Amino acid sequence: LLFWFFGVLLALALCLADVLPTPFWYSANMSHFKEMCPLGPWVMLFGFLGTLLGLLLSPYVPDVDVSAVSCLDARDMCFVDAACIHQTNKTLMQRGINGIGGFLLVA
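Quick caveat: nothing in here was measured; it's all calculated off a predicted structure.

Reading guide: rules and limits
Residues numbered from 1 in each chain as written. Predicted model: local features only at pLDDT ≥ 70, side-chain atom pairs only at ≥ 80, totals over all residues. Heavy atoms only, no water. Helix = DSSP H or I, 4+ residues; strand = E, 2+ residues; numbered from the N terminus. Buried < 20%, exposed > 50% of the residue type's maximum accessible area, 1.4 Å probe, protein only. Contact = heavy atoms within 4.5 Å. Areas by Shrake-Rupley, 256 points an atom, 1.4 Å probe, with all protein chains shown as cover. Patch = residues over 30% accessible without salt bridge, like charges linked within 9 Å, V, L, I, M, F, W, Y side chains within 5 Å. Salt bridge = Lys/Arg side-chain N within 4 Å of Asp/Glu carboxyl O. Expected span 1.5 Å × (residues − 1). Bend = angle between axes of the 7 residues up to and from the residue. Polar contact = N/O pair within 3.5 Å; in protein donor to acceptor, adjacent residues only side chain to side chain.

## Some details on the overall build of the protein
Moving on, step 1. Summing up its helical and strand segments, the protein has 3 helices and 2 strands in all.
Moving on, step 2. Reading the protein from its N end, one meets helices and strands in the order α-β-β-α-α.
Moving on, step 3. For the protein, the proportion of its 107 residues judged to be buried stands at 10%.
Moving on, step 4. Once local pairs closer than 6 in sequence are excluded, the contacts in the protein between residues at least 24 apart make up 32%.
Moving on, step 5. Summed over its atoms, the accessible surface of the protein is roughly 9200 Å², and 70% of this surface lies on carbon and sulfur atoms.

The following block contains the structure:
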């Protein structure tokens, strides 16, 4: 969420400073305001890229200091593999559970 915020903030600042072009126009019709407003895809694009970057980098920043929030503890890490362990077949489920140790050993 933080990467999204900074991406959107950067795009907004660059658009307001006329660094990024606004190639499209939007006809705003609201109450007593009727104008053609410049429009660019930059805020959505930077927001998406910031979200993607945050998602990709989040596993590499597990030691963030969250001591101000009492319910969060950065030392508590969890490995959940519901996608690769079969959830209904008991035999396949047990084989998946037994294989987690080997996976974590090489991970």
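## Concerning the environment of Met93
Moving on, step 1. Considering the arrangement of structural elements, one finds Met93 in helix α3 (residues 90-106).
Moving on, step 2. Given the relative accessible area of 19%, Met93 is considered buried.
Moving on, step 3. Among all residues touching Met93, those that are not within four sequence positions of it are Ile85, His86, Gln87 and Thr88.

## Re a nonpolar patch on the surface
Moving on, step 1. A cluster of nonpolar side chains, Leu1, Leu2, Trp4, Phe5, Phe6 and Leu9, forms an exposed patch at the surface whose accessible area comes to about 690 Å².
Moving on, step 2. Take Leu2: it is sitting in helix α1 (residues 2-16).
Moving on, step 3. Owing to a relative accessible area of 56%, Leu2 belongs among the exposed residues under this scheme.

## Some words on α3
Moving on, step 1. Over its 17 residues, α3 runs 25 Å from end to end, which matches the ideal 24 Å to within 8%, given 1.5 Å per residue.
Moving on, step 2. Along its length, α3 reaches its greatest deviation from straightness, about 30 degrees, at Gly99.
Moving on, step 3. Where α3 begins, one side-chain oxygen reaches toward the backbone nitrogen of Thr91, 3.0 Å away; that side chain belongs to Asn89.

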